[in-house]
Amino acid sequence: MRMIELISRKRDGYEHTTEELDYLVRGITDGSIPDYQLAAWCMAVYFQGMTPREARHLARKMAASGDQIDLSSIPGVKIDKHSTGGVGDKTSLVVAPMVAAAGVPVCKMSGRGLGHTGGTIDKLEAIPGYRTELPIAEFFQQVRTVGIGIVGQSGNLVPADQQLYALRDVTGTVESIPLIATSIMSKKLASGADGFVLDVKVGNGAFLNTQQEAERLAELMVAIGKRAGRQPVAVLSSMEQPLGRAIGNALEVREAIATLAGEGPADLKELSLVLGAQMLILAGAAADEETARRKLEAILTSGQALRFFEKWMEAQGGDPSITSHPERLPTATLVRKVLSNAGGYVSGWDTEALGLTAMRLGAGRERKNDPIDHGVGLIIEKKIGDRVVAGEAIAQVYARSEEQAVRAAQAIRSALRLSPLPPTPAPLILGYII
Ligand code: URA
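Computed from a predicted structure; not experimentally measured. (Residues numbered from 1 in each chain as written. Predicted model: local features only at pLDDT ≥ 70, side-chain atom pairs only at ≥ 80, totals over all residues. Heavy atoms only, no water.)

1. Brief notes about the site of the ligand
Here's step 1: Near the ligand you find Thr84, Tyr165, Arg168, Ile180, Ser183, Ile184, Lys187 and Phe207, and these make up its full shell.
Here's step 2: Note that a nitrogen atom of the ligand is positioned 2.7 Å from one of the side-chain N or O atoms of serine 183.
Here's step 3: Between the ligand and the protein, one listed contact pairs an oxygen atom with a side-chain N or O atom of lysine 187 at 2.4 Å.
Here's step 4: Protein contact buries 91% of the 240 Å² of open area that the ligand shows by itself.
Here's step 5: Put simply, the parts of the chain that give the shell around the ligand at least two residues each are helix H8 (159-169) and helix H9 (177-190). (Near = heavy atom within 4 Å. Polar contact = N/O pair within 3.5 Å; in protein donor to acceptor, adjacent residues only side chain to side chain. Areas by Shrake-Rupley, 256 points an atom, 1.4 Å probe, with all protein chains shown as cover. Helix = DSSP H or I, 4+ residues; strand = E, 2+ residues; numbered from the N terminus.)

Following this line, the structure appears as structure tokens:
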């Protein structure tokens, strides 16, 4: 078999055989397929797509390309949560302790941010002392005794995806439904959970901008998960504006803590309850959505979720006192208000531009190994539907230099869409695929 044949067949719209896909994954993993041929194949997939059969087989083969985690030594049904990538999305920091406090073990391997989107591990590393790398036995022991653990992905988890994703990132082929679905689901299958709640983001801050595309992605991911004998559920949620108000690692940890204390932004709380409820249902800890929500709301309002967050921090080396002393989180001291030069109602935000602005301040990385600054970021003061008066603050910038702050303020002003009339409110939750 030769790679040139696979490229030509995909270019001409043929379906790959299982032998071809096996050859492909082997060649990606052992490095025998050169990057230029792999890039050409990714572009062919971008234009021609894949059949569900191809995507299912590719995801399973990729999952088997490296370590596969066996969670069977941890009692109970293990449910993972995954977001397809958004701006200001710190739901894992809220959902994980909330669900764990309800008795469902949370045993999660998370990723880092790339480009305009953030990643849970970068946010957790903003917490002084938090250990994102634990030996696997210690990690399992922590989940068994405390009920919660979140670590970075092991170095050898789905090496085929590590190669492919790095290449897609520089060849304009990230935004391909089958490539996103196989990338995400291969990692979910390899990390061993019994079920997954997939938060599929839709909108101008997500990889996919339309509901139709996001539904196709969700359907494909759910089909891959079911075929592999797991229990997947996808929730489609809006990414037409940042989730909550904070963008940037330590700022987002602060906002997650505020939400656990019952004082967070409404959209972050709502999405956390929706995703958490699905996790409880999949784990068999609640019979239906209403029961699950009631349980989680009680956990939030009683302070149990916040206490659980502290317990988790203690177990994993993080400073638990940040819940009462958030100033102990790293924070840039140069804080500038961004004033609007016009008035009206916020009809939208260019969410990707806001994510890129935070990234350029140092909150994210353009390339995989770029260092990040946990203390910088943005607070978006106005959400869609809010009224803005000319001269009023629409955001705050946390920066390291005046020059950076001025550049960020300009980008934020350009990302704001104002209309003379209040816009019709759009829903946060756009649907479920089960
Ligand atoms: N997240 C992933 O892990 N892979 C993709 O392709 C896109 C988002």
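2. Considerations on the sheet that holds strand E10 (residues 387-388)
Here's step 1: Ordered by their spatial adjacency, 3 strands build an open sheet running E10-E8-E12, and the pairing between neighbours is antiparallel. Lying at the two open borders of the sheet, with one neighbouring strand each, are E10 and strand E12 (416-419).
Here's step 2: As paired elements, strand E8 (residues 344-349) and E12 share 4 bridges and run antiparallel to each other. By the bridge assignment for E12, glycine 348 is matched with arginine 417. (Pairing = 2+ DSSP bridges.)

3. Some remarks on helix H7 (residues 136-146)
Here's step 1: Taken together, the buried positions of H7 are occupied by Phe139, Phe140, Gln142, Val143 and Val146. In a view along the axis of H7, the buried residues occupy a sector of 155 degrees, so they form one face of it. Among the exposed residues of H7, those oriented more than 90 degrees off its buried face are Ala137 and Thr145.
Here's step 2: Among the structural elements, strand E2 (106-110), strand E3 (148-152) and helix H14 (304-315) are those in contact with the buried residues of H7. (Buried < 20%, exposed > 50% of the residue type's maximum accessible area, 1.4 Å probe, protein only. Arc of directions from axis to C-beta. Contact = heavy atoms within 4.5 Å.)

4. Let's talk about the pairing of strand E9 (residues 377-380)
Each regular strand shows side chains that alternate between the opposite faces of the sheet.
Here's step 1: The two faces of E9 match: Gly377 and Ile379 on one face and Leu378 and Ile380 on the other face are all buried.
Here's step 2: Bridge count between strand E6 (residues 246-247) and E9: 2 bridges; the pairing is antiparallel. Among the inter-strand pairings, alanine 246 is bridged to a residue of E9, identified as isoleucine 379.
Here's step 3: Sheet topology places E9 next to strand E11 (residues 393-399); 4 bridges connect them, and they run antiparallel. Each bridged residue has a counterpart across the sheet, and for isoleucine 379 the counterpart in E11 is glutamine 396.

5. Some remarks on the side chain of threonine 173
Here's step 1: Counting through the fold element by element, threonine 173 comes out in the loop between H8 and H9.
Here's step 2: Polar side-chain contacts of threonine 173 include one of 2.9 Å to the side chain of threonine 171.
Here's step 3: Excluding residues within four positions of it along the chain, threonine 173 makes contact with Cys42, Met43, Tyr46, Arg168 and Leu179.

6. Re the sheet that holds strand E7 (residues 334-339)
Here's step 1: One open sheet holds the 4 strands; their spatial order is E6-E9-E11-E7, and the pairing between them is antiparallel. Of all the strands in the sheet, the pair left with one neighbour each is E6 and E7.
Here's step 2: Sheet contacts for helix H15 (residues 351-363): E6, E9 and E11; angle to E9, the most-contacted strand, approximately 145 degrees. (Axes fitted to C-alpha atoms, helices over the stretch in contact; angles between N-to-C directions.)

7. Focus: the packing of aromatic side chains
Here's step 1: Counted under the stated rule, the structure contains 4 aromatic pairs.
Here's step 2: Judged by centre distance (5.1 Å) and plane angle (85 degrees), the ring pair of tyrosine 46 and phenylalanine 47 falls under edge-to-face.
Here's step 3: According to the relative accessible area criterion, tyrosine 46 is partly exposed, its value standing at 35%.
Here's step 4: You can call phenylalanine 47 exposed: its relative accessible area is 65%.
Here's step 5: With centroids separated by 6.0 Å and ring planes inclined at 40 degrees, the aromatic side chains of phenylalanine 139 and phenylalanine 140 adopt a geometry described as tilted. (Phe/Tyr/Trp six-rings, centres within 6.5 Å; stacked < 30°, edge-to-face > 60°.)

8. Details of the domain arrangement of the protein
Here's step 1: Looking at the protein, the domain boundaries give domain 1 (3-49), domain 2 (79-323) and domain 3 (330-419).
Here's step 2: A straight line from the C-alpha centre of domain 2 to that of domain 3 covers 24 Å.
Here's step 3: Listed per partner, the contact involves 28 residues of domain 2 and 29 residues of domain 3.
Here's step 4: Together domain 2 and domain 3 conceal approximately 2300 Å² of surface at their shared face, both sides included; 54% is due to carbon and sulfur atoms.
Here's step 5: Applying the counting rule to domain 2 against domain 3 returns 2 salt bridges.
Here's step 6: For the salt bridge of aspartate 122 with arginine 365, the shortest nitrogen-to-oxygen distance reads 3.0 Å.
Here's step 7: There are 17 residue pairs in polar contact (both at pLDDT 80 or more) connecting domain 2 and domain 3.
Here's step 8: Elements represented by at least two residues in the side of domain 2 that touches domain 3 include exactly E6 and helix H11 (249-260).
Here's step 9: Sort the elements by how many residues they give to the side of domain 2 that touches domain 3 and H11 lands first, with 4 residues.
Here's step 10: A class-by-class count of the residues in the side of domain 2 that touches domain 3 yields 11 nonpolar, 9 polar and 8 charged. (Domains from an automatic or database assignment. Buried area = accessible area lost by both parts, 1.4 Å probe. Salt bridge = Lys/Arg side-chain N within 4 Å of Asp/Glu carboxyl O. Nonpolar A, V, L, I, M, F, W, Y, C, P; charged D, E, K, R; others polar.)

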